[in-house]
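This is what each chain is made of:
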Amino acid sequence: FFRQSFSTLVVGAMVEAYYLHSVCLYQSPDICPNHDPVWSKRLDLMADAMIESAESLSMSELRLNTLRPWVGTYTTTTEYGYNFSPLTVHDNGKISIRGGFLDYTIILRDDGKGYKVKIPTQDWKPTDSSKKLRMYDVELKFLFNWKTGFVGAIRPRGQDGFVDYRGTKDN
């Protein structure tokens, strides 16, 4: 919330400064440099700086949570009916399965069409369990052209190989 508010405040202040400079409120209209090339160039530079700042703030926000377009809760299915549902991508960039948060790494796919999320083997405590369980490897693919689901694979048990793991967004 704070980061988004800060970005809004910074861009808003820049727009206000640009507006005040462009309407010449600080000078009488008969001496306002509307046709001065130096003044016009300054306005162009201010506009360029505003665009660059807004893009930079947007990119830094995206780096904090690259999965922002996929935030939501997903009903999931596996090949053999194992219960790894729901999977939730949280607004703060965290991922949970059945309410238990998991560490993960994320990389841009080789084809540039989305992100690959790898959840390594780790201890995990779903909210519907009184004890920690072992989460084995999970690989998810979030695609830019499909924001309502994901595909991937999961190892339900240590002795198992990967099985198909898919999710469809609930909300």
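Residues numbered from 1 in each chain as written. Predicted model: local features only at pLDDT ≥ 70, side-chain atom pairs only at ≥ 80, totals over all residues. Heavy atoms only, no water.

Peer 1: Quick rundown of the nonpolar core? Include the residues and the values.
Peer 2: In terms of nonpolar packing, the biggest core is built from 21 residues, with Leu87, Ile97, Ile119, Met135, Leu140, Phe142 and Tyr165 touching the most fellow members. Breaking this core down by element, the ones donating at least two residues are strand E2 (87-89), strand E3 (95-97), strand E6 (114-119), strand E9 (138-143), strand E10 (146-154) and strand E11 (163-169). Here Phe142 is in contact with Leu67, Trp70, Tyr74, Val89, Lys113, Gly114, Tyr115, Val117, Gly149 and Phe150, once residues within four sequence places are set aside. (Core = buried A, V, L, I, M, F, W, Y, C linked by side-chain atoms within 4.5 Å. Buried < 20%, exposed > 50% of the residue type's maximum accessible area, 1.4 Å probe, protein only. Helix = DSSP H or I, 4+ residues; strand = E, 2+ residues; numbered from the N terminus. Contact = heavy atoms within 4.5 Å.)

Peer 1: Run through the side chain of Ser96, naming residues and quoting values.
Peer 2: As for its position among the elements, Ser96 is in strand E3. Note on Ser96: relative accessible area 3%, which makes it buried.

Peer 1: Can you lay out the packing of aromatic side chains for me, pointing to particular residues and giving the numbers?
Peer 2: In total, this model carries ten aromatic pairs according to the counting rule given. When the centroid spacing of 6.2 Å and the interplanar angle of 90° are considered together, the rings of Trp70 and Tyr115 count as edge-to-face. Taken together, the residues Trp70 in the loop between helix H2 (37-64) and strand E1 (72-78) and Tyr115 in strand E6 connect sequence positions 45 residues apart. When sorted by exposure, Trp70 lands in the same class as Tyr115, which is buried. (Phe/Tyr/Trp six-rings, centres within 6.5 Å; stacked < 30°, edge-to-face > 60°.)

Peer 1: A description of the sheet that holds E11 should follow, citing residues and the corresponding values.
Peer 2: Taken together, nine strands build an open sheet; the order of strands is E4-E3-E2-E1-E11-E10-E9-E6-E5 and the sheet is antiparallel. Here the strands that pair on one side only, and so sit at the sheet edges, are strand E4 (100-102) and strand E5 (105-108). Averaged over all adjacent pairs, the angle separating strand axes in this sheet is 25°, with direction ignored. Two elements, E1 and E11, share five bridges in a ladder whose sense is antiparallel. Residue pairing across strands places Thr76 opposite Gly167, the latter belonging to E11. (Pairing = 2+ DSSP bridges. Axes fitted to C-alpha atoms, helices over the stretch in contact; angles between N-to-C directions.)

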